[in-house]
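# Per-entry structural report
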Amino acid sequence: MSLRNRWSEFSPMSQTDHSNTTRSDAVVLACVGLTREFVEGGKTLQVLRDAELEIRAGERIAIVGESGAGKTTLLQLLGGLDLPTRGTVHVQGKNIADMNETERGLLRNQALGFVYQFHHLLPEFSALENVAMPLLLRKDSVQSIREQATTILQRVGLGERLNHRPGEMSGGERQRAAVARALITRPSVVLADEPTGNLDHNTGERVFELMLELNREYHSSLVVVTHDRQLAGRMDRVLRLTDGALTNASA
């Protein structure tokens, strides 16, 4: 069945409470000795070396550093989108290196959410359809998926934009839809790579505040790569990547 056919029954639904009430300080994501090397022109380039990190449930962490310091590489490794040269990444206690690509994909769907500088919404689908897509890998009914997508879009202030396509939405609205898509699966951790980088200051502030509010409501940990020291200062911890080394830093 095509995606378009799968969405043929979609229409706005009444709001349903799917709030996550779980509270814990358990470690939900950790890496040990994380190293990533690339070979270019016969030479080995070490982008990340021996990174150590524990992320607890509900924690907010900022990662700062100069361009090219390896911040995006670190997020890709933490999210199972790339595999390390050495070291381990555990998500909910599971070593992602022990999984095949299908298993890693399922773990990402169940435990992780991603927000990027660009929204990456599919232009031919509505906000409702885009946000609901991560739930297609599950066995929920179409009605349940529709209800969950409607609820979270209403929560991020897009209740009047359910059937609008990305081209019919502002930059801030598109990024709010991307945040909703990242959180619809109620992930343990949201990994965000410069999520306000393409927005003007005021719009970026509103989107970031929304992410903090949802972090508190859903108790999903939040890891944000940012160049904005003011935004970084609002997190629980600030880490700095310098020449591939991850260290504590003051915002």
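Residues numbered from 1 in each chain as written. Predicted model: local features only at pLDDT ≥ 70, side-chain atom pairs only at ≥ 80, totals over all residues. Heavy atoms only, no water.

## Looking at the overall build of the chain
Of regular secondary structure, the chain possesses 8 helices and 10 strands. Of all 251 residues assigned to the chain, the portion counted as buried reaches 51%. Taking all contacts inside the chain whose residues are at least 6 apart in sequence as the whole, residues at least 24 apart take part in 73%. Only carbon and sulfur atoms are counted for the fraction: they give 46% of the accessible area of the chain, which is about 11,800 Å². (Helix = DSSP H or I, 4+ residues; strand = E, 2+ residues; numbered from the N terminus. Buried < 20%, exposed > 50% of the residue type's maximum accessible area, 1.4 Å probe, protein only. Contact = heavy atoms within 4.5 Å. Areas by Shrake-Rupley, 256 points an atom, 1.4 Å probe, with all protein chains shown as cover.)

## Some points on the nonpolar core
By size, the foremost hydrophobic cluster in this structure holds 39 residues, and its most contacted members are V131 and L153. If you list the elements that add at least two residues to this core, you get β3 (60-64), α4 (127-132), α5 (142-155), α6 (171-183), β7 (189-193), α7 (201-218), β8 (221-225) and α8 (229-232). The element contributing the most residues to this core is α7, with 7 residues. If sequence neighbours within four positions are ignored, L153 has contacts with A127, L128, V131, L158, G159, L162 and A180. Counting residues in each nonpolar core, the second largest holds 31 residues, with V28, I63, V189 and V225 among its members. (Core = buried A, V, L, I, M, F, W, Y, C linked by side-chain atoms within 4.5 Å.)

## Regarding the packing of α6 against α7
For the pair α6 and α7, interaxial distance at closest approach is 10 Å and the crossing angle is 20°. Considering their axes alone, α6 and α7 lie roughly parallel with respect to each other. The handedness of the crossing between α6 and α7 comes out as right-handed. Every residue of α7 that contacts α6 at G172, Q175, R176, V179 and L183 is listed here: T203, V207, L210, M211, L214 and Y218. Its residues assigned to classes, the contact of α6 with α7 comprises 7 nonpolar, 3 polar and 1 charged. (Axes fitted to C-alpha atoms, helices over the stretch in contact; angles between N-to-C directions. Parallel < 35°, antiparallel > 145°, perpendicular 65-115°, else oblique. Left-handed = near helix turned anticlockwise from the far one by under 90°. Nonpolar A, V, L, I, M, F, W, Y, C, P; charged D, E, K, R; others polar.)

## Examining helix α2 (residues 71-78)
Among the 8 residues of α2, 6 are classified as buried, and the element is accordingly described as predominantly covered. Every buried residue belonging to α2 is among K71, T73, L74, L75, L77 and L78, and all of these are buried. With its phi angle positive at about 70°, G80 sits one or two positions after the end of α2.

## Things to note about the pattern of salt bridges
Two side chains of opposite charge can pair, provided their charged atoms sit close to one another. Taken as a whole, this structure holds 13 salt bridges when the rule is applied. Note that E37 and R86 form a salt bridge whose closest N and O atoms lie 3.2 Å from each other. Separated by 49 residues along the polypeptide, E37 in strand β1 (residues 27-40) and R86 in strand β4 (residues 86-91) bring together distant segments of the chain. Owing to a relative accessible area of 21%, E37 belongs among the partly exposed residues under this scheme. (Salt bridge = Lys/Arg side-chain N within 4 Å of Asp/Glu carboxyl O.)

## Some words on the sheet that holds β1
Taken in spatial order, the 4 strands make up an open sheet running β2-β1-β4-β5, and their pairing is antiparallel. Both edges of this open sheet fall to β2 (43-56) and β5 (94-95), since each of them pairs with a single strand only. Pairing of β1 with β2, which is carried by 10 bridges, proceeds in the antiparallel orientation. Looking at β2, one finds that R36 is bridged to L48. Packed on one face of the sheet, α2 meets β1, β2 and β4 and runs near 125° to β1. (Pairing = 2+ DSSP bridges.)

## Notes on the sheet that holds β7
In spatial order, the strands read β6-β7-β8-β3-β9-β10; together these 6 strands make up an open sheet with mixed pairing. Both edges of this open sheet fall to β6 (112-115) and β10 (245-248), since each of them pairs with a single strand only. Ignoring which end each strand starts from, the neighbouring axes of this sheet average 20° apart. Examined bridge by bridge, β7 and β8 share 5 bridges and lie parallel to one another. Considered in β8, the bridge of L191 is made with V223. Sheet strands touched by helix α3 (residues 101-111): β6 and β7. Its angle to β6, the strand with the most contacts, is close to 80°.

## Details of α3
Listed as buried for α3 are R104, G105, L107, R108, N109 and A111. Two or three places before T102, at the start of α3, stands the capping residue N100, its side-chain oxygen 3.1 Å from that residue's backbone nitrogen. (Polar contact = N/O pair within 3.5 Å; in protein donor to acceptor, adjacent residues only side chain to side chain.)

## Digging into the confidence of the model for the chain
Averaged over every residue, the pLDDT of the chain is 84; the share at 70 or more is 90%. Across residues 1-23, confidence stays below pLDDT 50; counting only partners more than four residues off in sequence or on other chains, it has 51 contacts. (pLDDT = per-residue confidence, 0-100.)

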